[in-house]
Amino acid sequence: MEPDGVPGAAPPEARIQNGGEVMRAQTRRGFIKIAGLALLFLGILAAIGRAAVWPRRGTIFQALFRPPLEGQYGALTEEEFRQLEAFAEIIFPATGDPEPRELHAVVRRWVDDGARQYGLLALYRHGVRALASATHERGFDGPFHALPVGDRRAAAAALMDEEPDLPPAAEPLSQLLHFLDRVLNAPEERRRHYARSLRADLTRGIFSSHLGWTLVGYDSWPGVPSAHLWYTLPPPPAGGARPGSRDTPAVAGVGS
Amino acid sequence: MSADVCIVGAGVAGALAAFRLAAGGKSVVLLDSGPRFEYPDMARYERVRRSIYPWDWFDEDRDDYEEEATPRIGLNSNRIKAIGGTTLHWSANAQRFQPGDFRMRTLFGLGADWPFPYDELEPWYLLAEREMGVAGGSGPDQPPRSAPYPLPPHEVSFAEREFIVPAFHALGLSIAPNSTATNSQPYDGRPRCAAFATCNPFCPINAKYTATVHVAKAEASGRVVVKPDSHVRRVVLEGRRKVSHVECVDRNGTIWRERARAFVLAGGGVEIPRLLLLSATDGGHDQGLANSSGLVGRNYMTHPRIIVRGRLSERIGPHRTGVDTTNSWAVYQHRTLPGTGNVMLSPSVSGGPEPADIALESGLWGEELVEEVRVRYGYEVGIHAKGDMLPRPDNRVTLSSSRVDTYGDPIPRIEMQLGEFELNAIDEGAKVAEAIFRQMNAREIWRSNTQIVRNHIIGTTRMGSDPADSVCDEWGRCHDLDNLFVSSSSLFPSAACSSPTLTIAALALRTGDFLVRNV
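Calculation rules
- Residues numbered from 1 in each chain as written.
- Chains lettered and ligands numbered in written order.
- Predicted model: local features only at pLDDT ≥ 70, side-chain atom pairs only at ≥ 80, totals over all residues.
- Heavy atoms only, no water.
- Helix = DSSP H or I, 4+ residues; strand = E, 2+ residues; numbered from the N terminus.
- Buried < 20%, exposed > 50% of the residue type's maximum accessible area, 1.4 Å probe, protein only.
- Contact = heavy atoms within 4.5 Å.
- Rg over C-alpha atoms; globule rule 2.2 N^0.38 Å.
- Areas by Shrake-Rupley, 256 points an atom, 1.4 Å probe, with all protein chains shown as cover.
- Pairing = 2+ DSSP bridges.
- Axes fitted to C-alpha atoms, helices over the stretch in contact; angles between N-to-C directions.
- Core = buried A, V, L, I, M, F, W, Y, C linked by side-chain atoms within 4.5 Å.
- Parallel < 35°, antiparallel > 145°, perpendicular 65-115°, else oblique.
- Nonpolar A, V, L, I, M, F, W, Y, C, P; charged D, E, K, R; others polar.
- Disulfide = S-S within 2.5 Å.
- Salt bridge = Lys/Arg side-chain N within 4 Å of Asp/Glu carboxyl O.

1. Some details on the overall build of chain A
Part 1 of the argument: Along its length, chain A carries nine helices and zero strands.
Part 2 of the argument: Helices and strands appear in chain A in the N-to-C order α-α-α-α-α-α-α-α-α.
Part 3 of the argument: By residue count, 36% of the 256 residues in chain A fall in the buried class.
Part 4 of the argument: Of the contacts made within chain A by residues no fewer than 6 positions apart, 68% connect residues no fewer than 24 positions apart.

Structural data, given as structure tokens:
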């Protein structure tokens, strides 16, 4: 009877011993294979991530850290109106009478419409909160609207810093650090975003109103009766009063 | 039979054709794919003040399209599918074509002739001007006319009178009052322009004409039924030369048929050829209805344009009125053809930044901001150099081979490139405009990129005497079908330089009159 096994093969113990080496060798090879595959997989993932995610990091950042300005409808509180009027006063320094009253009326109408009809409640509400926190951080006492104009402007100006420029594309490490910095400072950036957007919205409202047009001499806008031909007059000097009507010279070739 | 005439499209062409038919005692059903907006609507006006565009006029799926065009066409940025059509936000320029535009092939060997001369259309121009309330005045180089405008011209603005007109004259160029469908006096139950520069996208007091005026008049006759939200998917034949009905669907998917003795397609230069191509059927119409010439959708034309702007050394008071009060036909005289095309030069004194724009751009606060607006505002003016375009078969509307709309129909595909003829013409026009600015001692002069006037869509079902070289006859009737008509700038064999609306209106009234006599 032949010993157990294949003719000419090593005895069982030796085979077991050798088998252990074979198994270890196989395990090593398997491990190397698996590790290689894992590394390849991770590499592919990284490549996909770099290709698909990294270029969209701005969008992803916005989705995570910048709630939309639009889409929330509702009414502002009296306190919020007061804060917004106070903010408008540092944009457009209304003086005398009735400019301040007109400014308040313009702003109230503008933001009320914006919040109720155009879904800008979040913009105004978060904007007011940003002003309040900036006021607090700068050590001013009292609410934003109760501060003197100079202090209000200082508090608001602190929220208007532009975002730092992106590092050059050729410096990926700088870009990564910049991005991480943005993530760490996301709440601050979000506050600045709301404050800057609020300023832009109120500026649009004020300067597209009668106040803004009067500033450049257009007292015929938006609705003074019988002013329909004033556009044929020269514009008044900047800040000056409208000149009286004058004879308009005939222009050859142009009927009137 | 539900009506004598079924009109597809309730813009200026459809509205005026319906009005004329109703006045002639015919019953009409007027369909439009889009909604009926309240007009004017001050809630929408508030949206304008916030720089939010006021019309939700296109449906992303229903009105999708493809384009391969330079410059980009941006179809849905300008056309409005709604009762009133694109006149809901037009600029109200209401200029006639020049007589030479009707004979481009005969005179210069370019493009195609119209099937009739200018003199044939002149009385219809006059009627269209009366219906729309066009204000204008006589001046050199304008197209000839047999009677004065129904309304006197708007008084020339300060900027044009003091700066622009003298500069034109110093260079030996004529300039005349612009003709515009905005009331310079109360007219047709609508007030005079109040000069608040709030014309665009719409006039809050209705001093600017829109096609809603004639939709309302047509409805008031009791003979016209207006059906918004009625999208026409197919034109269906009965025999080889007669349309029996159109297949309609609304937003809810309800399907119905509209039958009539005659049909007028008035849905604009993209949707009309698209509908004809979609309606292909057996019996000699396998390449689309009315397409025995192979020209349905071809010869797409528009108006290329360069806007030259300048900053003057004196304040010119822009934004006092939205109406451009002058216009120059000086280099729109066919004198440089066939080498260089015509150009219309149109001063625009309200194109520069408004106080709000300057304030937003400045980044300043308080007194400094106010001073910046005071000092910077009011120096900019523009001159539009708008050129002619030649018909080329490769510029065309076809059907997409890969994308469909919400109803499963292929969306339109537009292919359009400008040629040397167009580019040279507007470059020459821009050079003239730059010379005018130099004459005005402008401190800065700059020009825009080459653009196109996106809502001017011309030539895609052109009319002509020869059925082999045109889609429709001189009345807008398709050569291949006895009771199918087209009313649109798609009929124009040439693009000219004038804005197309007045010519669309004149042709619509003329086609309507023909139908009154023949249906």
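From this point, the narrative continues.
2. Some thoughts on the overall build of chain B
Part 1 of the argument: Within chain B one finds 11 helices and 17 strands.
Part 2 of the argument: The globule rule puts the C-alpha radius of gyration for 519 residues at 24 Å, and the 23 Å found for chain B is close to it.
Part 3 of the argument: Taken over the C-alpha atoms alone, chain B extends approximately 70 × 50 × 45 Å along its principal axes.
Part 4 of the argument: Counting all 519 residues of chain B, 62% fall into the buried class.
Part 5 of the argument: By sequence separation, contacts in chain B at least 24 residues apart represent 73% of the contacts at least 6 residues apart.
Part 6 of the argument: With an accessible surface of roughly 17700 Å², chain B has 46% of that area assigned to carbon and sulfur atoms.

3. Concerning the environment of B:Glu155
Part 1 of the argument: Within the secondary structure, B:Glu155 is located in the loop between helix H4 (118-132) and helix H5 (158-170).
Part 2 of the argument: Residues B:Glu155 and B:Thr326 lie 171 residues apart in sequence; the distance between their C-alpha atoms is 9.4 Å.

4. As for unusual backbone geometry
Part 1 of the argument: The amide bond that connects A:Asp97 to the next residue, A:Pro98, takes the cis arrangement and shows omega of 10 degrees.
Part 2 of the argument: Here A:Pro98 is to be found in the loop between helix H3 (78-91) and helix H4 (99-117).
Part 3 of the argument: With omega at 5 degrees, the peptide bond leading from B:Leu337 into B:Pro338 counts as cis.
Part 4 of the argument: Backbone geometry at B:Asn206 places phi at a positive 70 degrees, although glycine is not the residue there.

5. Quick word on the environment of A:Phe87
Part 1 of the argument: Within the secondary structure, A:Phe87 sits in helix H3.
Part 2 of the argument: Along the chain, A:Phe87 and A:Arg153 lie 66 residues apart, while their C-alpha atoms are 8.3 Å from each other.
Part 3 of the argument: Aside from chain neighbours lying at most four places away, what touches A:Phe87 is A:Leu131, A:Phe144, A:Ala156, A:Met160, A:Ala195, A:Leu198, A:Arg199, A:Leu202 and B:Trp365.

6. A few points about the pairing of strand E12 (residues 380-387) of chain B
Residue and element names in this part refer to chain B.
Part 1 of the argument: Burial analysis of E12 places eight of its eight residues in the buried class, which makes it a mostly covered element.
Part 2 of the argument: Burial along E12 is two-sided: Glu 380, Gly 382, His 384 and Lys 386 and Val 381, Ile 383, Ala 385 and Gly 387, pointing in opposite directions, are all buried.
Part 3 of the argument: As defined by bridge partners, strand E9 (residues 304-311) adjoins E12 across seven bridges and the pair is classed as antiparallel. Its bridge partner being in E12, Arg 311 is matched across the sheet by Glu 380.
Part 4 of the argument: Both strand E11 (residues 343-348) and E12 contribute to a ladder of six bridges, which runs antiparallel. Within the sheet, the bridge partner assigned to Leu 345 lies in E12 and is Ala 385.

7. A word on the sheet that holds strand E13 (residues 396-404) of chain B
All names here are of chain B.
Part 1 of the argument: The strand order across the open sheet formed by three strands is E3-E14-E13, and the pairing between neighbours is mixed. Either end of the sheet is taken by a strand with one partner, and the two such strands are strand E3 (66-70) and E13. Neighbour to neighbour, the strand axes of the sheet diverge by 25 degrees on average, direction disregarded.
Part 2 of the argument: Across five bridges, the pairing between E13 and strand E14 (residues 410-417) is antiparallel.

8. As for the nonpolar core
Part 1 of the argument: Core analysis: the biggest nonpolar cluster contains 103 residues, and B:Ile7 and B:Tyr209 have the highest contact counts within it.
Part 2 of the argument: The leading source of residues in this core is helix H11 (residues 501-518) of chain B, at nine residues.
Part 3 of the argument: Those residues in contact with B:Tyr209, other than ones at most four positions away along the chain, are B:Val12, B:Leu16, B:Thr87, B:Trp90, B:Glu131, B:Met132, B:Ala181, B:Arg190 and B:His214.
Part 4 of the argument: Core analysis: the second largest hydrophobic core is formed by 49 residues, A:Leu103, A:Val128, A:Ala134 and A:Leu215 among them.

9. Focus on the packing of H3(A) against helix H6 (residues 149-157) of chain A
All names here are of chain A.
Part 1 of the argument: At a minimum axis separation of 10 Å, H3 and H6 run at an interaxial angle of 95 degrees. Between H3 and H6, the angle falls in the class roughly perpendicular. Counting all contacts with H3, which are made through Ala 86, Phe 87, Glu 89 and Ile 90, the residues of H6 involved are Val 149, Arg 152, Arg 153 and Ala 156.
Part 2 of the argument: For the contact of H3 with H6, the per-class residue count stands at five nonpolar, no polar and three charged.

10. Quick notes on the state of the cysteines
Residues and elements named next belong to chain B.
Part 1 of the argument: Enumeration according to the criterion identifies zero disulfides over all chains in this entry.
Part 2 of the argument: Summary of cysteine pairing: Cys 6 is not part of a disulfide, and the nearest cysteine sulfur, belonging to Cys 248, is at 6.4 Å.
Part 3 of the argument: Residue classification places Cys 248 among the buried residues on the basis of a relative accessible area of 1%.

11. Digging into the pattern of salt bridges
Residues and elements named next belong to chain B.
Part 1 of the argument: Per the counting criterion, the structure on display carries 55 salt bridges over all chains.
Part 2 of the argument: The residue Arg 233 makes a salt bridge to Asp 409 at a minimum N-O spacing of 2.8 Å. You can see Arg 233 sitting in strand E6 (residues 231-237) and its partner Asp 409 sitting in the loop between E13 and E14, a full 176 residues away along the chain.
Part 3 of the argument: On the basis of relative accessibility, which here comes to 24%, the residue Arg 233 falls in the partly exposed class.
Part 4 of the argument: Judged by relative accessible area, Asp 409 falls into the buried class, the value being 2%.
Part 5 of the argument: In this structure, a network of salt bridges that share partners links the residues Arg 62, Asp 63, Arg 79, Lys 81, Glu 271, Arg 274 and Asp 405.

Interpretation in functional terms is not warranted from these geometric data alone.
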